[in-house]
Amino acid sequence: MIPITDMHVHTSDSPDADIPARELVARGLNMNLAGIGFVAHVDLDPEDYCYGGFKENTYNRSIELARREAANRILVLKGIEVGEPHIYEEQVKEIVDYSAYDFITGAIHSVEGAGMILGKSAYENANPLEIVERYYTETLQMVAEADMDILAHMGLFRRGLALAGLEHDFNELELWPDTILRILEIIIDRNISLELNTSGLRRRENITYPTPWILELYHRIGGTLITIGSDTHREPYVFFGLFDGRQLLIESGFKEVFCFENRIPKRMSLV
Ligand SMILES: [Zn+2]
Ligand SMILES: [Zn+2]
């Protein structure tokens, strides 16, 4: 068994993904994964592509089928990925009971509301670095305020920059060292896990979110709580980059990787 639980896997219950949970379980078994942390998008920003797409009953049913398929041979965890929880958490909690989930992942998908979606259009009429700076300010606010277990894909703006053909190989640690350090200190204080998201490895930016430099800083200041996630949505990129991600964690000095069960972190040795 490979001691990795992929903690960021979208099922066909997310509007932008199309593989059923039980099929993903079969694939995970083939790869000898230790577990799969499923997520469904809960986005209440009306500008978001996945806005209003969360159907709790259908998602519950999918997870039930996945657990049946798994038959205890692989860990099946049920999570949600909440977009901008520092803004929408109150509304999200009106429709979702957090205690029914193994983990809550917090994500920044857009910055300052309408028109700032992290895609090509976001960067057309603005200074890209100003948007990136706001992305980190929003991230800081999110991790300080939101009820969440995992900080998703910090650095996702690179996808938008790369799509827009803009420069994306800068080191943000040199540009905003204080904000980024503060984000990492807060997640350590609040027991929020940093996610090493490997989906950037399959895109033209070819880098993890966060970057290896931020990952190293997190480790240096005492961060140990870390999860790994492929952000699987559809073929052909199922569980992509997990092994490279695991290697990067080891090289950065981490000894363990985590998953969450009933919102409690569980450790697994990396070596
Ligand atoms: Zn996301
Ligand atoms: Zn996701």
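Before any of the text, the structure's been laid out above.
Quick caveat: nothing in here was measured; it's all calculated off a predicted structure.

## Regarding the environment of L151
- Position of L151 relative to the elements: it lies in strand β6 (residues 150-151).
- Looking at L151, the number of C-beta atoms within 10 Å reads 27, which means it is buried.
- Residues L151 and N197 lie 46 residues apart in sequence; the distance between their C-alpha atoms is 9.9 Å.
- If we ignore the near neighbours within four places in the chain, the residues touching L151 are G106, V143, I187, I192, S193, L194 and E195.

## Concerning the packing of helix α1 (residues 21-30) against helix α2 (residues 56-70)
- Two numbers describe how α1 lies on α2: the axes approach to 7 Å, and their chain directions differ by 30°. Considering their axes alone, α1 and α2 lie roughly parallel with respect to each other. By crossing handedness, the relation of α1 to α2 is classed as right-handed. In this structure, α1 uses A21, R22, V25 and A26 to contact α2, whose residues at the interface are S62, I63, L65, A66, E69 and A70.
- Of the residues assigned to the contact of α1 with α2, the class counts are 7 nonpolar, 1 polar and 2 charged.

## As for the nonpolar core
- With 67 residues, the main nonpolar core has I36, F38, L151 and I226 as its most contacted residues.
- Counting residues per element, this core draws most heavily on helix α4 (residues 128-145), at 5 residues.
- Excluding residues that lie within four positions of it along the chain, F38 makes contacts with V9, T11, A21, I63, A66, L77, K78 and G79.

What counts as what
Residues numbered from 1 in each chain as written. Chains lettered and ligands numbered in written order. Predicted model: local features only at pLDDT ≥ 70, side-chain atom pairs only at ≥ 80, totals over all residues. Helix = DSSP H or I, 4+ residues; strand = E, 2+ residues; numbered from the N terminus. Buried ≥ 20, exposed ≤ 12 C-beta atoms within 10 Å, placed from the backbone. Contact = placed C-beta atoms within 7 Å. Axes fitted to C-alpha atoms, helices over the stretch in contact; angles between N-to-C directions. Parallel < 35°, antiparallel > 145°, perpendicular 65-115°, else oblique. Left-handed = near helix turned anticlockwise from the far one by under 90°. Nonpolar A, V, L, I, M, F, W, Y, C, P; charged D, E, K, R; others polar. Core = buried A, V, L, I, M, F, W, Y, C linked by C-beta atoms within 7 Å.

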